[in-house]
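# A structural walkthrough
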Amino acid sequence: MVNGQQQTDSSGAGADGKIQEFDAIVIGSGVTGLYALYRLRKLGFSARGIDEASGVGGTWYWNRYPGCRFDSESYSYGYSFSEELLQEWDWKEHFAGQPETERYLNYVADKFDLRKDIQFNTRVKSATYIEKENRWLVEGTDGSKFKGQFLITAVGILSAGYVPDFEGINDFKGTWTHTSRWPKDGMDLKGKRVGVIGTGATAVQLIPMIAPEVAHLTVFQRTANYCAPLRNGPIDEETMKEIKTRYPEIFRICNETAGSFMHEFDPRSAMSVSPEERLDYYEKLWAKPGFGKWLANFKDVMLPGPANEDYAEFVKNKIRERVHDPVVAEMLVPKDHTFGAKRVPCETGYYDTYNRKNVSLIDVRQAPIEKITANGVKTADAEYDLDVIIYATGYDAVTGALLNIDIYGEDGILLRDKFVDGPRTYMGVSSVGYPNLFTVNAASVGNFPRAAEPLMDWVTDCMAYVRDNGYTRIAPTLEAEDAWVKHVNEDGENILRTKTTSWFVGANIPGKARALLTAPDTAPVMRAKRLEVSANGYEGFELI
Ligand code: NAP
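Everything quoted here is computed from the prediction, not taken from an experiment.

The next thing to look at is the packing of helix 9 (residues 275-286) against helix 11 (residues 306-322). Relative to each other, helix 9 and helix 11 sit at 55°, their axes nearing to 12 Å. One way to sum up the angle between helix 9 and helix 11 is to call them oblique. Note that helix 9 runs across helix 11; the crossing there is right-handed. Mapping the contact onto sequence places Arg278, Leu279, Tyr282, Glu283 and Trp286 in helix 9 and Ala307, Asp310, Tyr311, Phe314, Val315 and Lys318 in helix 11. Each residue belonging to the contact of helix 9 with helix 11 can be placed in one class, and the counts come to seven nonpolar, no polar and four charged.

Structure (C-alpha cells):
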C-alpha cells in the first residue's frame, strides 16, 4: 500500500473469465507502451495493452504531486515518429509539468487511436509461459485473462513506489501518501502541519510548491543532494514556431549524446584550463536552463576524478549562497557522495524554501526515524506532531515493477528468483528461459521517449523477423546472457553511478541485491549494439 487514503483506479474490467487472444500483450501504457502499440499495429500484429490506471501516461498518470515535471527540454521529450504530431503539438513551457505531459500523451493516444487497444483498470498479477502453446498467459488481479505469443513489459523504471517499512506506519491518525499515488482530486494541505520524508528529485520539486500553503513543513532529510536551478519559463508562439523548424537538429543532438539529452560535453578537460577560465565557464553554464550545467560541461566533470571534485565544490558553494542560516546551509551541502553520483535534481526555489519561517529541516541520518506514531514521526531524539505525512521515498527502481508481477518462464521458474542477485538479461531486453518476453525497462534509461522509440523499433522489428522468417520463438543463449551480465558488472565499475547508494544500483531498497540495474553504456552505444545484433541475424539469440 502506498497511500493512506482511498486506493484509486483498481476497480477492474473485462473480468468475465474469457481468455482474450492477441499476437502481443503490452503491459503498461506510458511513453514506451503507447509507442509499442503504435508500432505493433503498423507491423500488422494484433496487440492488447493492459494498464492498472484508468488512463494513459504511466508515470505521467500517477505522479500528480504539486511541482511534478521533467527536467528534459519539452521539445526533446516528445515522440519523433510523426512529423505531423511534431508540427501540431505546442509545448507551453520549456520544462513541461505533469498536467501538460499527461495532456500530450492523451493527445497522442487519441490521434493514433491507441486507446481502443488498451484495457484500463486492470492490474497484471502474473504472466506464465505455456511451452506447448508457445504463448504467454497474462492474468489480471480482477480475473482478466489474455494470451499472446509475445509479451512486452513496458512497466516503467520508476513506477513501483517504495515506502519504508517504518514501525507503526498504519497507526498514523492523519493522512499520508506516497508521491507517486497523489490523489487525483488533490490533497488539502492548507493550514496543516505537513511532514515530507525524503529529499530526492521528487521532494525537491514538491517542497517549494507546498511550503507557502501549509502551517508548518517539516522535511526529514537523510542525504543532502546536489540540486541545480532548472530555470524554467513559458514558450511563446514565436519561439514554438522556431523550435518546430529545429526538430531534426534537436533529435540529431539527442541521438548523439550519452543520455539522449540535447546537451553536448565540451571536449576540453576541466583541468586543462586556468582556474579563472574554469570558474567563468561554470558560471555561464549555471545561468542556463536544464541539465547543461553538467552535460554541457567539461568532458571529465562527470567522471570520477579531480574535475568532478572541482565542480562538486562549485555547486556546494552555490548551495551555501542561497541559504541564510549557515547551520541549515551546511545540512543541505552533500557530504557523503560526489556530484553526479546520484541523479542531480533540478530545482525551482528549493533552497530558498529553507529561508521560510514555517519550514524546518531535520537530519535523520544523525537521528534516524524510529517509528511513525498516531500523531506523527518519532526520531531518535524528538517527536514531530503532524497532520499529513508525504513519503517522497522513491522507487524500487528498474526491476521493481517488473518483478512485482509473477513471471513464470520455462520450467515454471519465477523471474523474481532468477534476478535474486541482480538482473540477468541480454542487453536488458531478453532473458534465458523466458522466450518472446521483452523486459524493456533496463534498456531505456535517459531522456525517455528518445530511448523508448529506438528500443521499441528494435523489439517490434525483432518480433516481425521471427514471424516473417518462419520462426516462432526467440530467447538469448546462455553464453550471450553471461557475457552481458559480466559486461554490466565489470564496466559498471567505471561509472559514477556505481560509486554511491542510489536506485541505480538497487541500494535504496533494504534487502535488494546491489547491482547496476541498467546498462553501463551510453545510449548511442546501446543502439549500435542492438542494431549490430539484428544485422547479424540476431546474434546471441536462439531462434526456433
Ligand atoms: P529518490 O531519489 O530515491 O529519493 C528518495 C528519498 O527518500 C531520498 O532522499 C532517500 O534518502 C529518502 N529515504 C528513503 N528511505 C528513507 C528512510 N527510511 N528514512 C529517511 N529517508 C529515506 O526518489 P525520488 O525523489 O522519487 O526520485 C527518483 C527518481 O525519479 C529520480 O532520481 C529521477 O530519475 C526521477 N524523477 C525525475 C524527476 C524529473 O524529471 N524532474 C522528478 C522526480 C523524480 P537517501 O538518499 O539517504 O536514500
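Below, the discussion takes up the site of the ligand. The environment of the ligand is made up of 26 residues, and the closest members are Thr199, Thr202, Arg222, Thr223 and Trp503. Within the complex, 86% of the 910 Å² of free accessible area of the ligand lies under protein. For the shell around the ligand, the leading source of residues is helix 6 (residues 201-210), giving three residues. Residues of the shell around the ligand, tallied by class, amount to twelve nonpolar, eight polar and six charged.

This part takes up the pattern of salt bridges. A full pass over the atoms with the stated rule returns 45 salt bridges. Notably, a salt bridge pairs Asp188 with Lys192, separated by 3.7 Å at the nearest N-O pair. Connected through shared salt-bridge partners, Glu313, Arg320, Glu330 and Lys335 make up one network.

What follows deals with the packing of aromatic side chains. Evaluated as defined, the whole model comprises 43 aromatic pairs. Aromatic pair Tyr247 and Phe251: ring centres 5.5 Å apart, planes at 10°, arrangement stacked. Within this pair, Tyr247 and its partner Phe251 are both found in helix 8 (residues 247-256), separated by four residues, close to a single helical turn. On the basis of relative accessible area, Tyr247 is assigned to the buried category, the value being 2%.

Domains assigned within the protein are domain 1 (20-56 + 114-160 + 397-543) and domain 2 (228-391). For domain 1 and domain 2, the distance between their C-alpha centroids amounts to 31 Å. Contact with domain 1, which involves 14 residues of that partner, is made by 20 residues of domain 2. For the pairing of domain 1 and domain 2, the buried interface totals around 1300 Å² over both sides, and the portion due to carbon and sulfur atoms is 63%.

Criteria and thresholds
Residues numbered from 1 in each chain as written. Predicted model: local features only at pLDDT ≥ 70, side-chain atom pairs only at ≥ 80, totals over all residues. Heavy atoms only, no water. Axes fitted to C-alpha atoms, helices over the stretch in contact; angles between N-to-C directions. Helix = DSSP H or I, 4+ residues; strand = E, 2+ residues; numbered from the N terminus. Parallel < 35°, antiparallel > 145°, perpendicular 65-115°, else oblique. Left-handed = near helix turned anticlockwise from the far one by under 90°. Contact = heavy atoms within 4.5 Å. Nonpolar A, V, L, I, M, F, W, Y, C, P; charged D, E, K, R; others polar. Near = heavy atom within 4 Å. Areas by Shrake-Rupley, 256 points an atom, 1.4 Å probe, with all protein chains shown as cover. Salt bridge = Lys/Arg side-chain N within 4 Å of Asp/Glu carboxyl O. Phe/Tyr/Trp six-rings, centres within 6.5 Å; stacked < 30°, edge-to-face > 60°. Buried < 20%, exposed > 50% of the residue type's maximum accessible area, 1.4 Å probe, protein only. Domains from an automatic or database assignment. Buried area = accessible area lost by both parts, 1.4 Å probe.

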